[in-house]
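Observations on chain architecture
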Amino acid sequence: MNNIIPHTFHVTREDRNKLKGHASFVVWFTGLSGSGKSTLANMVEKRLFEKGVHTFSLDGDNVRGGLNKNLGFSREDREENLRRIAEVAKLIVDSGSLVIASFISPLASDRAFVKDIIGVQDFVEVFVNTPLEICEQRDVKGLYKKARAGEIKNFTGIDAPYEAPRFSDIEVKTDLEDLELSVERIVNYLNTKLEINRNE
Ligand SMILES: Nc1ncnc2c1ncn2[C@@H]1O[C@H](COP(=O)(O)OS(=O)(=O)O)[C@@H](OP(=O)(O)O)[C@H]1O
Ligand SMILES: Nc1ncnc2c1ncn2[C@@H]1O[C@H](COP(=O)(O)OP(=O)(O)O)[C@@H](O)[C@H]1O
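Now for a quick tour of the structure. Nothing here was measured: the structure is a model prediction, and the numbers come from that model.

**Topic: the overall build of the protein chain**
Looking only at helices and strands, the protein chain features eight helices and five strands. Secondary structure elements of the protein chain, listed N to C terminal, follow the sequence α-β-α-β-α-α-β-α-β-α-α-β-α. Taken over C-alpha atoms, the radius of gyration comes to 17 Å for the protein chain, in line with the 16 Å a tight globule of 200 residues would show. Its C-alpha atoms give the protein chain principal-axis dimensions of roughly 55 × 45 × 30 Å. Taking all contacts inside the protein chain whose residues are at least 6 apart in sequence as the whole, residues at least 24 apart take part in 76%. Summed over all atoms, the accessible surface of the protein chain reaches about 11,300 Å², with 54% contributed by carbon and sulfur. Here the protein chain contributes 28 positively and 31 negatively charged side chains, and the mean placements of these two sets differ by 2 Å.

**Some details on the nonpolar core**
Counting residues in each nonpolar core, the largest one holds 20 residues, and the members touching the most others are F29, V44, L48, L98, V126, I186 and L190. Looking at this core, the elements with two or more residues in it are β1 (26-30), α2 (37-50), β3 (98-102), β4 (123-128), β5 (170-172) and α8 (179-198). Not counting the four nearest positions on each side in its chain, I186 is found in contact with F29, L40, V44, V126, I170 and V172. L58, L82, A89 and V99 belong to the second-largest nonpolar core, a separate cluster that totals 17 residues.

**Focus on the pairing of β4**
Counting buried residues along β4, six of its six residues qualify, which places the element largely inside the surrounding structure. Neither face of β4 is exposed, since F123, E125 and F127 on one face and V124, V126 and V128 on the opposite face are all buried. As paired elements, β4 and β5 share three bridges and run parallel to each other. Pairing of F127 across the sheet is with E171, part of β5.

**A few points about the site of ligand 2**
Taken together, 13 residues lie around ligand 2, and G34, G36, K37, S38 and T39 are the ones closest in. Within the side chain of T39, an N or O atom sits 2.4 Å from an oxygen atom of ligand 2. At 3.2 Å from an oxygen atom of ligand 2 is found a side-chain nitrogen or oxygen belonging to R138. When isolated, ligand 2 has an accessible area of 570 Å², and the protein chains bury 75% of it. Most atoms of ligand 2, that is more than half of them, are within 2 Å of grid points of the largest pocket. Of all the elements, α2 adds the most residues to the shell around ligand 2, at three residues. Of the residues that constitute the shell around ligand 2, the class distribution is three nonpolar, seven polar and three charged.

**Topic: the site of ligand 1**
Taken together, 19 residues are adjacent to ligand 1, and S33, R64, R78, N81 and N154 come closest. Residue K141 places a side-chain N or O atom 3.0 Å away from an oxygen atom belonging to ligand 1. Calculation on ligand 1 without its partners gives an accessible area of 620 Å², and the protein chains cover 87% of this total. Assessed atom by atom at 2 Å from the grid points, ligand 1 resides in the largest pocket.

**Observations concerning the packing of helix α4 (residues 75-94) against helix α5 (residues 108-118)**
Interhelical geometry of α4 versus α5 gives an angle of 25° and a closest axis separation of 9 Å. In terms of their interaxial angle, α4 and α5 are classed as roughly parallel. For α4 against α5, the interelement crossing comes out right-handed. Contacts from R75, E79, L82, R83, A86, E87, A89 and K90 of α4 reach α5 at D110, F113, V114, I117 and I118. Partitioned by chemical class, the residues of the contact of α4 with α5 number seven nonpolar, no polar and six charged.

The rules behind the values
- Residues numbered from 1 in each chain as written.
- Chains lettered and ligands numbered in written order.
- Predicted model: local features only at pLDDT ≥ 70, side-chain atom pairs only at ≥ 80, totals over all residues.
- Heavy atoms only, no water.
- Helix = DSSP H or I, 4+ residues; strand = E, 2+ residues; numbered from the N terminus.
- Rg over C-alpha atoms; globule rule 2.2 N^0.38 Å.
- Contact = heavy atoms within 4.5 Å.
- Areas by Shrake-Rupley, 256 points an atom, 1.4 Å probe, with all protein chains shown as cover.
- Lys, Arg positive; Asp, Glu negative; His and termini not counted.
- Charge placed at Lys NZ, Arg CZ, Asp CG, Glu CD.
- Core = buried A, V, L, I, M, F, W, Y, C linked by side-chain atoms within 4.5 Å.
- Buried < 20%, exposed > 50% of the residue type's maximum accessible area, 1.4 Å probe, protein only.
- Pairing = 2+ DSSP bridges.
- Near = heavy atom within 4 Å.
- Polar contact = N/O pair within 3.5 Å; in protein donor to acceptor, adjacent residues only side chain to side chain.
- 1 Å grid on protein atoms, 1.4 Å probe; cavity = no way out; pocket = protein on both sides within 12 Å on 5 of 7 lines; lining within 4 Å.
- Sits in = over half its atoms within 2 Å of the grid points.
- Nonpolar A, V, L, I, M, F, W, Y, C, P; charged D, E, K, R; others polar.
- Axes fitted to C-alpha atoms, helices over the stretch in contact; angles between N-to-C directions.
- Parallel < 35°, antiparallel > 145°, perpendicular 65-115°, else oblique.
- Left-handed = near helix turned anticlockwise from the far one by under 90°.

Right, dumping it as structure tokens:
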């Protein structure tokens, strides 16, 4: 490989985890636009942050507006978008922080390579399972209306695919479960993983 020889640093991820007092990993929210990824991610981050967990959120606002602003929504661009995000998430995990990532990540193969880059032991998948009809009714950003009118092409759920995960660590049905309860379930799951690793 092009003469790149990794340097060994004295301070390790384990040292950083010890200093911060908890394990680090990635919580990956996947779901349609308007399913509730950002809403849930925001609330989960706030709850954990208030308990002293070092967190960092990655989502469209801080990634597609900067690092990935040269990318659109073709299949190739979505893959490159997610590849870069996974690499960044992995670096943040190495820094000792909990990453909260919210991306549509529409295909099973997308989520598989993201998981592969991050590492299976550091990846928790949350499937925000909201039916397309509900997302479309919410139409938080008015994008479904534009997609139906043909003003946006390749819109996930309309003329681009979303493959629902078959096995997620956590599944949230936002049309059936109270928001607070969903947040509680996710936080409880993450607390266990943060604690288990802390005692290792
Ligand atoms: N064509 C098309 N399809 C889907 N979504 C679109 C599209 N164009 C713009 N948007 C807006 O971009 C947000 C999704 O970006 P992601 O980086 O999460 O997508 S992906 O994982 O690369 O598929 C998504 O944000 P969320 O609504 O928060 O999911 C949309 O607001
Ligand atoms: N149980 C729920 N979980 C998450 N969002 C919900 C829920 N019920 C209603 N909503 C609403 O659905 C919308 C989801 O938007 P958002 O979080 O931006 O979705 P996404 O990030 O997936 O595009 C918000 O207006 C939110 O208030």
